[in-house]
Amino acid sequence: MVIRIAAVGDVHVDEDVVGRFRPALEELPDCADVLLLAGDLTRHGTEAEARCVAREFGDLGVPVITVLGNHDHQCDQVPQVVKVLEDAGITVLEGTGTVLECAGGRLGVAGVKGFGGGFAGRCASDFGEPEMKAFVRTTRESADALAAALLSLECDSLVALTHYSPVPDTLAGEPLEIYPFLGCYQLGQAIDSAPTALALHGHAHHGTERGTTPGGVRVRNVAHPVIKQAYSVFHLGDQVD
């Protein structure tokens, strides 16, 4: 039995984008059991933009699960954005998880926005100024929340959904100087702490689609500028696409 997962991130919806994705989204019930959105749903994180997201991604005939991205935090309207999305039937995860009953089995999805910090050998450390310690503390707390959410789910197939990248592999194509602002190794450690089958993220618009955690979990960058389509579909079962 196979579970079919559609995914996309970084759609940056505003009034002028409404309708652009919808024709392809209408076909989702024929090719996927769920749609996962990897953050940056909006341009500036306003309640008005969230209503546009709800119009575009609501009522699709399959469950829709999302995490927020850095753009969705820009205008400090996160509670309003979350309410609009949830009122449209979209599940918003932040250090939480959910289990769906699919034809191919129980799918567990744990999600967190994540944060920056960098990767092994070239990362920020919890040392020095209070501002730096706060930065690294945010990274660690986010990764810890993801690990806890992943480990809490009882399911047949487990997926991690983040906005920031858990590995440097999928950042290839981005300037090396900004890697610490695109992801962190702690997210990869969190993913490897559980029997995760697939990890999905966005954020790296000029990155690469495929990567792997140190523990061997397949990572896919589903940012719209990378996949260049309304969504990619992955199959979980005997193997991962």
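Residues numbered from 1 in each chain as written. Predicted model: local features only at pLDDT ≥ 70, side-chain atom pairs only at ≥ 80, totals over all residues. Heavy atoms only, no water.

Draft legend 1. Examining the side chain of H201 more closely. Take H201: it is sitting in strand β10 (residues 198–201). Among the polar contacts made by the side chain of H201, one reaches the side chain of S165 at a distance of 3.4 Å. Here H201 is in contact with A38, T162, H163, Y164, S165, P166, T170, V219, R220, N221, V222 and A223, once residues within four sequence places are set aside. (Helix = DSSP H or I, 4+ residues; strand = E, 2+ residues; numbered from the N terminus. Polar contact = N/O pair within 3.5 Å; in protein donor to acceptor, adjacent residues only side chain to side chain. Contact = heavy atoms within 4.5 Å.)

Draft legend 2. Structural view of the pairing of strand β9 (residues 157–162). The buried fraction of β9 is high, at six of six residues. Residues S157, V159 and L161 line one face of β9 and the alternating positions L158, A160 and T162 line the opposite face, and both faces are buried. Relative to β9, strand β6 (residues 105–112) runs parallel, the two sharing six bridges. Paired with L107 across the bridge in β9 is S157. With three bridges joining them, β9 and β10 adopt parallel strand pairing. Note on β10: the bridge partner recorded for A160 is A199. Tracing the backbone out of β9, into helix α6 (residues 185–192) and back to the parallel element β10 gives a crossover that is right-handed. (Buried < 20%, exposed > 50% of the residue type's maximum accessible area, 1.4 Å probe, protein only. Pairing = 2+ DSSP bridges. Right-handed = clockwise from strand over helix to strand, strands pointing away.)

Draft legend 3. Summary view of the pairing of strand β2 (residues 34–38). Summarising burial for β2: five of the five residues are buried, a large majority. Side chains V34, L36 and A38 project from β2 onto one buried face, and the interleaved L35 and L37 project onto a second face that is buried too. Sheet topology places β2 next to strand β3 (residues 64–67); four bridges connect them, and they run parallel. Across the sheet, L37 pairs through a bridge with T66, a residue of β3. You can see the chain leave β2, run along helix α3 (residues 47–57) and come back into β3, and the turn it takes is right-handed.

Draft legend 4. Local environment of the sheet that holds strand β5 (residues 96–102). Within the open sheet, the six strands sit side by side as β5-β6-β9-β10-β12-β11. Their pairing is mixed. Since the sheet does not close on itself, it has two edges, and those belong to β5 and β11 (210–212), each with one partner. Ignoring strand direction, the axes of neighbouring strands in this sheet form an average angle of 25°. (Axes fitted to C-alpha atoms, helices over the stretch in contact; angles between N-to-C directions.)

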